[in-house]
Amino acid sequence: QVQLVESGGGLVQAGGSLKLSCAASGSIFRINNMAWFRQAPGKQRELVATITSGGSTNYGDSVKGRFTISRDNAKNTVYLQMNSLKPEDTAVYSCYANVMVRVTANVNTYWGQGTQVTVFP
């Protein structure tokens, strides 16, 4: 079994910065893609950013130039650096990881519990 534990997030003024972390633990053989999603009230869940095991990144249009996703493979951790935050960035942010588990070599998708990010004007 694999667990994703998120940290960071909270309340920040518009224009400010915040950094989220998500650490995976458990029966991990290899982590493939990792990603951040978010969901605001009344809206669909939105892809924020993805990163491959090799470090290639992809961003949603609304966060390009402001957010940066990165990872530390030795620590099984993905980060989301959020700069120039806007009120419309307010949402619950969730961590995602595609993982090959040990022994069985099954590939499964795991999610973190989600963390609230609130940006006030």
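We now turn to the structure provided with this report. (Residues numbered from 1 in each chain as written. Predicted model: local features only at pLDDT ≥ 70, side-chain atom pairs only at ≥ 80, totals over all residues. Heavy atoms only, no water.)

**Here we look at the packing of aromatic side chains**
Turning to step 1, where the next piece is worked out: All told, the structure shown has three aromatic pairs when counted by the stated rule.
Turning to step 2, where the next piece is worked out: Between the aromatic rings of Phe-37 and Tyr-96, the centroid separation amounts to 6.0 Å while the plane-to-plane angle is 65°, which identifies the pairing as edge-to-face. Here the residue Phe-37 occupies a position in strand E4 (residues 28-39), and Tyr-96 occupies one in strand E9 (residues 91-101), the gap between them amounting to 59 residues.
Turning to step 3, where the next piece is worked out: Exposure remark for Phe-37: the relative accessible area of 18% places this residue in the buried category.
Turning to step 4, where the next piece is worked out: Ring pairs connect the aromatic residues Phe-37, Tyr-96 and Trp-111, which therefore count as one cluster.
Turning to step 5, where the next piece is worked out: Positioned above the aromatic ring of Tyr-79, the side-chain terminus of Lys-19 is 4.8 Å from the ring centre. (Phe/Tyr/Trp six-rings, centres within 6.5 Å; stacked < 30°, edge-to-face > 60°. Helix = DSSP H or I, 4+ residues; strand = E, 2+ residues; numbered from the N terminus. Buried < 20%, exposed > 50% of the residue type's maximum accessible area, 1.4 Å probe, protein only. Lys NZ or Arg CZ within 6 Å of the ring centre and 35° of its normal.)

**Describing the pattern of salt bridges**
Turning to step 1, where the next piece is worked out: This structure, assessed with the given rule, holds four salt bridges.
Turning to step 2, where the next piece is worked out: We note a salt bridge from Arg-38 to Glu-46, for which the minimum N-O separation is 2.9 Å.
Turning to step 3, where the next piece is worked out: Residue Glu-46 is classed as partly exposed on the basis of its relative accessible area, which comes to 29%.
Turning to step 4, where the next piece is worked out: A salt bridge links Lys-64 to Asp-61; its shortest N-O distance comes to 3.0 Å. (Salt bridge = Lys/Arg side-chain N within 4 Å of Asp/Glu carboxyl O.)

**Quick word on the state of the cysteines**
Turning to step 1, where the next piece is worked out: Tallying each qualifying case throughout the model produces one disulfide.
Turning to step 2, where the next piece is worked out: Cys-22 shares a disulfide with Cys-95; S-S distance 2.1 Å. Taking the sign of the torsion about the S-S bond as the criterion, the disulfide between Cys-22 and Cys-95, at about -85°, is left-handed. Of this pair, Cys-22 sits in strand E3 (residues 18-26) while Cys-95 is found in strand E9, placing the two residues 73 residues apart along the sequence. (Disulfide = S-S within 2.5 Å.)

**Regarding the side chain of Arg-66**
Turning to step 1, where the next piece is worked out: Inspection of the secondary structure puts Arg-66 in the loop between strand E6 (57-59) and strand E7 (67-72).
Turning to step 2, where the next piece is worked out: For Arg-66, the contacting residues outside a window of four places in its chain are Gln-81, Met-82, Asn-83, Ser-84, Leu-85, Lys-86 and Asp-89. (Contact = heavy atoms within 4.5 Å.)

**Focus on the sheet that holds E7**
Turning to step 1, where the next piece is worked out: Pairing is antiparallel in the open sheet, where four strands are placed in the order E1-E3-E8-E7. Two strands close off the open sheet at either side, each with one partner strand: strand E1 (2-7) and E7. Here the strands of the sheet are splayed against their neighbours by 15° on average, with no regard to which way each runs.
Turning to step 2, where the next piece is worked out: One ladder, built from six bridges, connects E1 with E3; its direction is antiparallel. Residue pairing in the sheet places Glu-6 in a bridge with Cys-22 of E3. (Pairing = 2+ DSSP bridges. Axes fitted to C-alpha atoms, helices over the stretch in contact; angles between N-to-C directions.)

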